[in-house]
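Coordinate inspection notes
Residues per chain, in single letters:
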Amino acid sequence: MRRGGLLDAGIVLGILVLAAGSTPVGALGVWGIDALRGVERPMPQLVGFFSFSTRSHLTAAVLLPVRAPSDSPLPGALEVAVERVVRTSGPPQHYSTPEAAVEGLRQSWHEDHDLALERWALGRDVVERAASRARSAGSSDPTRWVELRRWLPAHTAAEGDRLVQGPRALATVLELAWPIQAPHHVTSGYGWRIHPTLGTKRFHNGIDLGVPIGTTVFAAQSGRIAVVGENAVSGRFVVIDHDHDVRTAYCHLDQANVTAGEHVERGAPIGASGNSGRSTGPHLHFMVRLAGETLDPHPLRPEDDQTSPGALHGPPVP
Ligand SMILES: [Zn+2]
């Protein structure tokens, strides 16, 4: 009897310990106990506990290596991206193998690269029809996938999301530049961690680059400034929309030198790093989103810039 009671107590204690670190009620409990003990902490953001399921399973690591073939007629990392997509989810209908599909795309790119990816993915006729419909309806640029897809039958549009939008998004991610050029350490990597100020287990949706306040922050890719904002958590922040459902965010800034709606080029200065919002020291929180899901930016760091793997767990910022 007594042994059974101990076991029960052990199980209850175990559940409480688990709950404290990984449930909203537990986090509130820990916060409450600390408050009673006179330890001041910001109240935990309970909604954060319910957003874990939207986390990406797709990490940039699975996309590497990214060396583009030097003889590719396709721009940037597009051929590598196309190859990844057809190898993992299959070639377009009229190709029997991924190899034949990639070769077919190279050929058609040589002939005429206007809408070449779309014609390769969906067939020449269906794309020409949609493009001419878009033009006569006054579309500003039917070569943009978001414009063209509105004039396609639903199942064709879905196939284009996979074979046109997919590779373009991957290529955009693979070509991202690093937002900090000054020497720095990665002070906190992407993934699960014990939150430095909340003390609870949280998912870290970006990468922390420890740099002094005032360090220039650069746009990782060309695009349109989607948001310049400020809140209690992210501090002053900038979000850039790179099209194809790819966005990057730069948080805890000291100042932003861009305004919403403005176009920026890859590598353009967009502001100065800082220590604003919920932050334990001066750093840039850099975030990459693909189709609404975050991914680990670290594998995208240029090779000549890589410090030892230990840098991932380097000294925490002061
Ligand atoms: Zn961070």
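Residues numbered from 1 in each chain as written. Predicted model: local features only at pLDDT ≥ 70, side-chain atom pairs only at ≥ 80, totals over all residues.

1. Some words on helix H3 (residues 78-89)
- Over its 12 residues, H3 extends 16 Å from the first C-alpha to the last, a length consistent with the 16 Å expected when each residue adds 1.5 Å.
- Taking burial as the measure, the 12 residues of H3 include 9 buried ones, the bulk of the element.
- Every buried residue of H3 is listed here: Leu78, Glu79, Val80, Ala81, Val82, Glu83, Arg84, Val85 and Val86.
- The secondary structure elements touched by the buried residues of H3 are helix H4 (98-111) and helix H8 (154-174).
- Glycine 90 sits one or two positions beyond H3 and adopts a positive phi of about 100°. (Helix = DSSP H or I, 4+ residues; strand = E, 2+ residues; numbered from the N terminus. Expected span 1.5 Å × (residues − 1). Buried ≥ 20, exposed ≤ 12 C-beta atoms within 10 Å, placed from the backbone. Contact = placed C-beta atoms within 7 Å.)

2. Notes on the nonpolar core
- Counting 60 residues, the largest nonpolar core has Ala81, Val173, Val238 and Tyr250 as the members making the most contacts within it.
- If you tally residues by element for this core, the top one is H8, at 7 residues.
- Two domains share this core, each providing at least three of its residues, namely domain 2 (60-174) and domain 3 (185-313). (Core = buried A, V, L, I, M, F, W, Y, C linked by C-beta atoms within 7 Å. Domains from an automatic or database assignment.)

3. So, the packing of H3 against H4
- Where H3 meets H4, the axes come as close as 9 Å, and the angle between the chain directions of the two elements is 150°. Between H3 and H4, the angle falls in the class roughly antiparallel. Between H3 and H4 lies a crossing whose hand is right-handed. Between H3 and H4, the residues in contact are Glu79, Val82, Glu83, Val86 and Arg87 and Pro98, Ala101, Val102 and Leu105, respectively.
- When the residues that make up the contact of H3 with H4 are grouped by side-chain class, the tally is 6 nonpolar, no polar and 3 charged. (Axes fitted to C-alpha atoms, helices over the stretch in contact; angles between N-to-C directions. Parallel < 35°, antiparallel > 145°, perpendicular 65-115°, else oblique. Left-handed = near helix turned anticlockwise from the far one by under 90°. Nonpolar A, V, L, I, M, F, W, Y, C, P; charged D, E, K, R; others polar.)

4. Considering unusual backbone geometry
- Its identity is not glycine, yet aspartate 243 carries a phi of approximately 75°, on the positive side.
- Here aspartate 243 is to be found in the loop between strand S7 (235-241) and strand S8 (246-256).

5. A closer look at the pairing of strand S11 (residues 284-290)
- The element S11 is extensively covered by neighbouring structure, given that 7 of its 7 residues are classed as buried.
- Here S11 shows no split at all, with Leu284, Phe286, Val288 and Leu290 on one side and His285, Met287 and Arg289 on the other all buried.
- By the bridge criterion, 3 bridges tie strand S4 (residues 207-210) to S11 in an arrangement that is antiparallel. Bridge pairing links leucine 209 to leucine 284 in S11.
- Bridge count between S11 and strand S12 (residues 293-295): 3 bridges; the pairing is antiparallel. The residue of S12 that forms the bridge with valine 288 is leucine 295.
- Once S11 ends, the chain turns through 2 residues before running back antiparallel as S12, passing alanine 291 with a positive phi of about 50°. (Pairing = 2+ DSSP bridges.)

6. Comments concerning the pairing of S7
- With 5 of its 7 residues buried, S7 lies for the most part within the structure.
- Between the end of strand S6 (residues 223-231) and the start of S7, which pair antiparallel, lie 3 residues.
- In the sheet, S7 pairs with S8 via 5 bridges, with the strands oriented antiparallel. Following the sheet pairing, aspartate 241 is matched in S8 by arginine 247.

7. With respect to the confidence of the model for the chain
- Mean pLDDT over the chain stands at 81; residues scoring 70 or higher make up 75%.
- At the low end of the mean pLDDT range in the chain sits helix H2 (residues 24-36), at 61; at the high end sits strand S10 (residues 269-273), at 98.
- Counting interchain partners and residues more than four positions distant, the pLDDT-below-50 stretch residues 45-63 has 30 contacts.
- Ignoring residues within four places in sequence, the model shows residues 304-318, a span with pLDDT below 50, making 19 contacts including any to other chains. (pLDDT = per-residue confidence, 0-100.)

8. Description of the environment of tryptophan 109
- Mapped onto the elements of the fold, tryptophan 109 is located in helix H4.
- Residue tryptophan 109 is classed as partly exposed on the basis of its 18 C-beta neighbours within 10 Å.
- Along the sequence, tryptophan 109 and tryptophan 120 sit 11 residues apart, while their C-alpha atoms lie 9.2 Å from each other.

9. Looking at the environment of serine 279
- The residue serine 279 is located in the loop between S10 and S11 in this model.
- Its 19 C-beta neighbours within 10 Å are what place serine 279 among the partly exposed residues.
- Remark: the alpha-carbon pair of serine 279 and histidine 252, spanning 27 residues in sequence, is separated by 7.3 Å.

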